[in-house]
Amino acid sequence: MKKKRLNSIRGSGWRKIFLIMRITVLLFFVGLMNLSASVYSQQAKLQVTVENKSILEVLKMIEDQSDFHFLYRSDNLQGISVGRIDLKDAKLEDILDKVLVPKGFTYEIEDRTVVIKKALPVKNQDQQQPQKKEIRGIVTDSKGLPLPGATVMAKGTTLGTSSDNDGKFTLIVPGDTKILTFSFLGMMSQEISLANQTTVSVVMKETLVDVGEVVVTALGIKKDYRSLSYDVQQLDAKALTTVDDGSIVDALAGKVAGVTINTSSTGVGGSARVVMRGTKSIAGNNNALFVVDGIPLPSLQSVQPADIFQGAGQTGDGIANFNPEDIESVSVLSGPAAAALYGTQAANGVIMITTKKGEKGLSVNVSNSTTFNSPFVLPRFQNTYGITATGSYYSWGDKLASPSTYNPKDFFQTGFNVNNSVSISTGTEKNTTYLSLGSVSAQGIIQNNNLDRYNFSFRNSAKLNDKVTLDLSAMFMKVQEQNMLAQGQYFNPLIPVYLFPPGDDIRKYQLFERYDATRNFKTQYWPFGDLGFQMQNPYWIANKDNFINNKNRFLMSGALKFDIAPWINITARAKIDNNTMVNDKDFNASTAGLFAGPAGAFYRYNIGDQQIYADAIVNIDKNFKDYSITANIGSSVQDFQDSNASIGGNLQSVPNLFTYANLNKSALQQLTKQDYHDQTQAIFATAQFGYKHMAFIDLTSRNDWVSALANTSTKSIFYPSVGLSGVLTDIFKVKSNVLSFVKGRLSYSEVGNAPQRFLSNLTYPVFDGFPQLTPYLPATGLQPERTKSYEAGLNAMFFGSKVKLDVTVYQSSTYNQLFNPTLPASTGFSSWYINSGRIDNKGIEASLSVNQKLGKVNWNSTVVYSLNRNTIKSLVNGYTNPLTGGKISIDSLDMGGTASYKMMLVTGGSMGDIYVNALKQDEYGNIFVNSASQAVLPDQNRFVKAGNASPKYTLGFRNSFSFKGFNLGVLINARVGGVGVSVTQAVMDAFGVSQASAQARDNGGALVNGYKIPPQPYYQTIGGGTSGIGAMYVYNMTNVRLAELSLGYDIPVNKCIPWIQGFNLSLIGRNLFMFYNKAPFDPESTANTGTYYQGIDYFMQPSLKSLGFSVKFRF
Amino acid sequence: MITNKSYKKYGKVSVHLLLVTFYCLVSTLFTNCTSKFEGWNTNPDQATPQMLQADGLATGTFFVQMQQNVFPISQQPAFGDEVYQMMQNLVGDIYSGYMGASGLWYSNANNTTYALIPNWCNQAFTRGFVGEMPAWNTLKTAAQTQTPQVYALATIVKVEAMHRVADMYGPLPYINFGNGALQNTYDSQKDIYYKFFDELDGAIATLTDFNTKNPSATVLASYDFIFNGNVVQWIKFANTLKLRLAMRIVYADAAKAQAEAESAVNSPIGVFTNVSDVALLQQTSSNSYNHPLYIIAYNFGETRMGANMNSFLGGYNDPRVSAYFDKSSAGDYRGIRNGINITQKATYSAGPFSNLNISASSPIVWMGPAEAYFLRAEGALRGWNMGGTAQSFYETGIQTSFTYWSAGSAAAYIVDNTSLPAAYTDPQNAANNVAAGTMLSTIKIKWDATATYETNLERIITQKWIAGFPDGQEAWSDYRRTGYPKVFPVVVNLSGGLISTTTQIRRLPFPSTEYAGNPSGVAQATGLLGGSDNGGTKLWWDKNPNH
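This section reports on the structure supplied with the text. (Residues numbered from 1 in each chain as written. Chains lettered and ligands numbered in written order. Predicted model: local features only at pLDDT ≥ 70, side-chain atom pairs only at ≥ 80, totals over all residues. Heavy atoms only, no water.)

**Description of the overall build of chain A**
Okay, so step 1: Secondary structure summary: chain A contains 14 helices and 61 strands in total.
Okay, so step 2: Radius of gyration (C-alpha) of chain A: 34 Å, near the 32 Å computed for a compact globule of 1115 residues.
Okay, so step 3: Within chain A, the proportion of its 1115 residues that are buried is 57%.
Okay, so step 4: In chain A, 69% of the contacts between residues at least 6 apart in sequence involve partners at least 24 apart.
Okay, so step 5: Approximately 45500 Å² of chain A is accessible, and the part contributed by carbon and sulfur atoms is 56%.
Okay, so step 6: One finds the centroid of the 102 positive side-chain charges in chain A at a distance of 5 Å from the centroid of its 85 negative side-chain charges. (Helix = DSSP H or I, 4+ residues; strand = E, 2+ residues; numbered from the N terminus. Rg over C-alpha atoms; globule rule 2.2 N^0.38 Å. Buried < 20%, exposed > 50% of the residue type's maximum accessible area, 1.4 Å probe, protein only. Contact = heavy atoms within 4.5 Å. Areas by Shrake-Rupley, 256 points an atom, 1.4 Å probe, with all protein chains shown as cover. Lys, Arg positive; Asp, Glu negative; His and termini not counted. Charge placed at Lys NZ, Arg CZ, Asp CG, Glu CD.)

**Here we look at the interface of chain B and chain A**
Okay, so step 1: Counting from both sides, the interface comprises 68 residues of chain B and, opposite them, 84 residues of chain A.
Okay, so step 2: Contact between chain B and chain A buries roughly 6400 Å² in total, counting both sides, with carbon and sulfur atoms accounting for 61%.
Okay, so step 3: Between Asp 45 of chain B and Lys 673 of chain A there is a salt bridge, with the nearest N and O atoms lying 2.6 Å from each other.
Okay, so step 4: There are 19 residue pairs in polar contact (both at pLDDT 80 or more) connecting chain B and chain A.
Okay, so step 5: Those elements giving two or more residues to the side of chain B that touches chain A turn out to be α1 (4-32), α2 (37-40), α3 (57-70), α6 (118-143), α14 (345-349) and α20 (512-517) of chain B.
Okay, so step 6: The element that contributes the greatest number of residues to the side of chain B that touches chain A is α1 of chain B, accounting for 11 residues. (Buried area = accessible area lost by both parts, 1.4 Å probe. Salt bridge = Lys/Arg side-chain N within 4 Å of Asp/Glu carboxyl O. Polar contact = N/O pair within 3.5 Å; in protein donor to acceptor, adjacent residues only side chain to side chain.)

**Description of the packing of helix α3 (residues 55-65) of chain A against helix α5 (residues 92-99) of chain A**
All names here are of chain A.
Okay, so step 1: For the pair α3 and α5, the least separation of the axes is 11 Å and the interaxial angle reads 175°. Overall, the two elements α3 and α5 adopt an arrangement that is roughly antiparallel. Contacts between α3 and α5 pair Ile 55, Val 58, Leu 59 and Ile 62 from the former with Leu 92, Ile 95, Leu 96 and Val 99 from the latter.
Okay, so step 2: Along the lines of polarity and charge, the residues of the contact of α3 with α5 split into eight nonpolar, no polar and no charged. (Axes fitted to C-alpha atoms, helices over the stretch in contact; angles between N-to-C directions. Parallel < 35°, antiparallel > 145°, perpendicular 65-115°, else oblique. Nonpolar A, V, L, I, M, F, W, Y, C, P; charged D, E, K, R; others polar.)

**Some remarks on the packing of helix α9 (residues 231-248) of chain B against helix α15 (residues 369-381) of chain B**
Residues and elements named next belong to chain B.
Okay, so step 1: For the pair α9 and α15, interaxial distance at closest approach is 10 Å and the crossing angle is 45°. The pairing of α9 with α15 is recorded here as oblique in orientation. In the packing of α9 onto α15, the handedness of the crossing is left-handed. Taken together, the residues of α15 that come into contact with α9 (itself represented by Thr 240, Leu 243, Arg 244 and Met 247) are Glu 371, Ala 372, Leu 375, Arg 376, Glu 378 and Gly 379.
Okay, so step 2: Per-class residue counts for the contact of α9 with α15 are four nonpolar, two polar and four charged. (Left-handed = near helix turned anticlockwise from the far one by under 90°.)

Right, dumping it as structure tokens:
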């Protein structure tokens, strides 16, 4: 084999840089092709026997014997000679250690390329061989027994050895070596300073926990992982931002146990449904609380679509505004015990976000991630049958001569999502600053659906003097959303697109507006009418009925910490979060009459929210010999004000002039003004007592005064929690390399949930200038909901920290449910508010992770498992009617839905149970078929239980492989169980555009009870109406998907351009592939991020499959 | 770059700010704590009970609520126009033949084709019991003893509203309403009608007494959008309403009917007689609304002229046609038949059919002036003491309607002895055509003293039907009671055999919300109904042996 000589590259440094870049690119592709590249340097055996030769000659010898080639600045190595070297069958490293290191050089081996650099700090070239000294010593464990096999290294060098069977070692080190490091599996690493001594004896202590031993808990308080009596799962930024779609929440799916995340079907920038350990509240919020740097965020969740009409013009929730690049880490406190300190808002668990701070020195991060999106799961269409009759929108006609080329998928465009971010971190010991700018520019898969977001973030931490630290931060977010569509009939272009008859030609309607001679401008072209589905020309809907949301959000906060003594400090924090939003609806002239007048329609909604939070906390952390105490005592006030005003209606005269002055004054609509002001004041205390750093007792208590309780018999809400944890391996003195660490924990907590505001004070809503009665029974005796929960858990580590297992089992019961059941109108009220009932949740959350080297590949694998069972123990059972004193019991509650689907709460059932209407059955339980007409019949009033929308359990399987700067990440998410109903499929069947309807025709009939019956009447019955017969469209929502895939490479450009510290290029993908999915929609996508209206597809926008790349630079 | 000096200063300012914040926090917590909570927990955009003490709102505003719920224009409990469509336009308006549905709902399986939609059938009940009755109940507490005249007005409005509800379902939980029970028992329709008569008599007595003592005084004038507080007009309206209710029960309880009718007509103030005697919800600066039919016809595009209107007005060359309807795009008047096969909304919504001649600012009419004459004509025909002959009342009724609709003199029309209702053709679908034959009436306009009782009854009811437009609920009740006018039957009947195509729909089923929350009440009500709870079962007063 001809060896390529590298002499030719000796020359200017720049040429070498060029070559390195080429090699880098080459390596990148080599890496792509074969990640487990051969570990050549380990296998090559080299022979070097020289005396007083130059280094360059030695390198040439090596190049001649092997495939290695060397890169170096020739002027550095010129004229340096080595003494006697005699190595047989040696590894490259052994030779280079002897040849290069003593001369003040370091090297790096990249497969077959060896880069030689001067060691830093630069040694005096003139100095000849440095002096060496021999250090001897013994390594023992804490009981004084010798420890064989401990690693001893001279810090900052590659020189090292291991202790022998007697724990003894001998190491020759350069004379200026100051520090030796000692390490041993399962023991804490130690550094020993060397003065002039040549003997060292070291006592190794057992490792307490692995890395990541400090976790962020409630109120931003950092705690030792081993001391926690509840489950906290912490993820670093990398786990969240590698495959970045601009949303923090989406990235959590499948990575934390006990959390169910459903992404809104509104696409990029949308909200998410985050439910931890099951839904607990019938009428209240069930989404997790988001907390940034210890301070709770307002959820800013908008009204969610819950019927067949709504779903256009959605907006993202509060957390969707944040820039994922600003995040340092995320802690998930899935249980109420962990969150008890947040009081009333925390019953549903907390997601704690810690943002980045500046660090000493200067570093700049620049990143871009660009992904391209397409619809992930679409229903199946037919293209072989034509229209029923000329002008019809139904496809029950004859078979086409040749299959149509119409494919509804063509309506979708390629969406994109471009995230850019620049962040600067700078600072000194005393003052650090972090500044970041981010932008998201996204285009949806439906025309004219766009999202633009700009984020600005600033943070400064300063030590004002020895005792006072000041932390200031400011964030600004600007978001513009256009046409965020979730589902529903109104303004949904997918309905006419999906139902479009393949026998017609869509191109005729793509020119969606045509010149109208009488009006002298272009008006909508759509000859079909609304067909009972509010249909308009889909291109008109997308382009001319616009929902534009503009949001501006400012957050400013300050925190002052005063160290009274080393063991006690006081912090005071304040934060203001100000969000303003202007939502416009501009409907162009010739939009359907239901929505707009002849000149069009215009609506404007002004929404403003302001939250002020302040707290003051005394923090104590003290040790007394074997005992430790950490305690926090504080008080907080959280004040939230919302104001909301809107006005709108049909335009009066000037078409498409969207302004107040052009509104038809006699027909103003949406004239609303709604305001509220909530405040929660709290005092809280938490204390943790530890014994020998292995057994802990945790106590928290909090008392809330909530404004929504004013005028009720309850004055305040008290929440206690107690927890116990013990490091069992320490308590029982287990010394094992296999079982390295076991912690057991147990906790109990109670959390309350304040009732809805305003209910306890009777007022009269005003309509058209006159007060009227409220349609609900006036509420008296409201009580806060109360969740009592237990959890027990085990955290174990095996083989040091190679294998980690976290398991938690929990049980929670939520009492005093506030709910607003429908009343029979004969009472005089539509609904009422009562506290009653009990919802239980129990489940398991577990994660198992393995951190293992496979050869030179670092492999990290995590499996996350969540299981929850929800039970409605009781609804209203013997409740005393305050008006009559009589007893009332209710065993079922209808939580609404469509004509064919509804969510019902039934005693003994579960929240999320779906009921569907069904066909008439015969006396044997088969579908009734009229023997004469061969028709099936709907049974309007018979609703049967279809199942539950929640999964039985979920699994996330995350793997990352890293090798020499390459990183491969694979996340597979699985959800097992749960059912959903697809109305989309039903309506497609009725219109004859589904693949199923064509197959039935091809087969000569639809198969019912084993017999073929005429397909058209059958499908128009089961798919008829606005939502069909639900029972015929129930789908299992089990699915397994390739949720995330990333392949990245840390390109080592810093070897040539030292000021670039990091350069990562990654290919990223989300939702790439379904291994298993039987539903005609994505079961993890939801139109409603609230509690109900789950598991229904009413022409939901498909979820996104995305593929792209990201580039990250660090300077 | 931040110098050390400026940095320190900057720090001090921040420290100061934080200390101020901290001070505020502490003072909030420990000095006035929760004293503002009650204020914050009171909806700032709604009226408090204290506010209602001003300007007579405690009774007045609930009187307004009642007026706005007879025909639903109020936005609560749900948006008015859609509720009007579900409880009036897609019920009485189409079942009476006044209007034709041009919309397409539930793949054409809906009320028009007798596939009754539960949510639609709930609406009238909910309006009555959540919109109307609680307002009356609240007002009653404030007014019954203090200002009985106000209570009397409210009671008249209640009867006006609730008889319409009773005529849809039959038994209702009416008499004991408001006792606080969550599961109420129902009253038979007979008991409800007897209660109506009692309530009207009580109100008439109170108001007559009030009027005698305070001859020129008005009652609740600034909240009364019907008669601006004019007591005499309220008494006339109450008497005319009593006359309407009396006639309604004539086939079920003839003696009671005659007694109540004669008592109404012969009372000192009597019934509506002038063309200005009309009960309508005025459009004023303090009570402006969109007529729901305008919204349904023009915004929704879902209602048009009915085929029967087309047939009668066209056949009779009735000049009121232009007051009721606009010409179609084909230049003629063309109606839509009900219960037909519609596959695309555009076929009828955008097709050559007459829209309603109505504007957003048209007032909603509760009871027109002509109705009293037609009621008295029928009473006279039955031999009751109505203060005149059937023929004179019949002809005055027609002329009053002409005058009301500004259609000029009815002199020639009244003596038209040749015109017959015209055959109907559907330009979009010939299957809906109605040629001369059993489905088409042969009644003529001119009074014929020699004609049979039944023929003259048909004549009276047919003209009453024309004059009563557009209140389809009342017209549907008359149709069910008398079988007149001859309303075209549905072409498509999807009731599954529950509703007969020939005898047509007789009522609405009880609401699904009652089934869910008050099942024992519905079971008891079904017993009172005396038949299955579906659209084919006849109401208590629906006992005409001829139909």
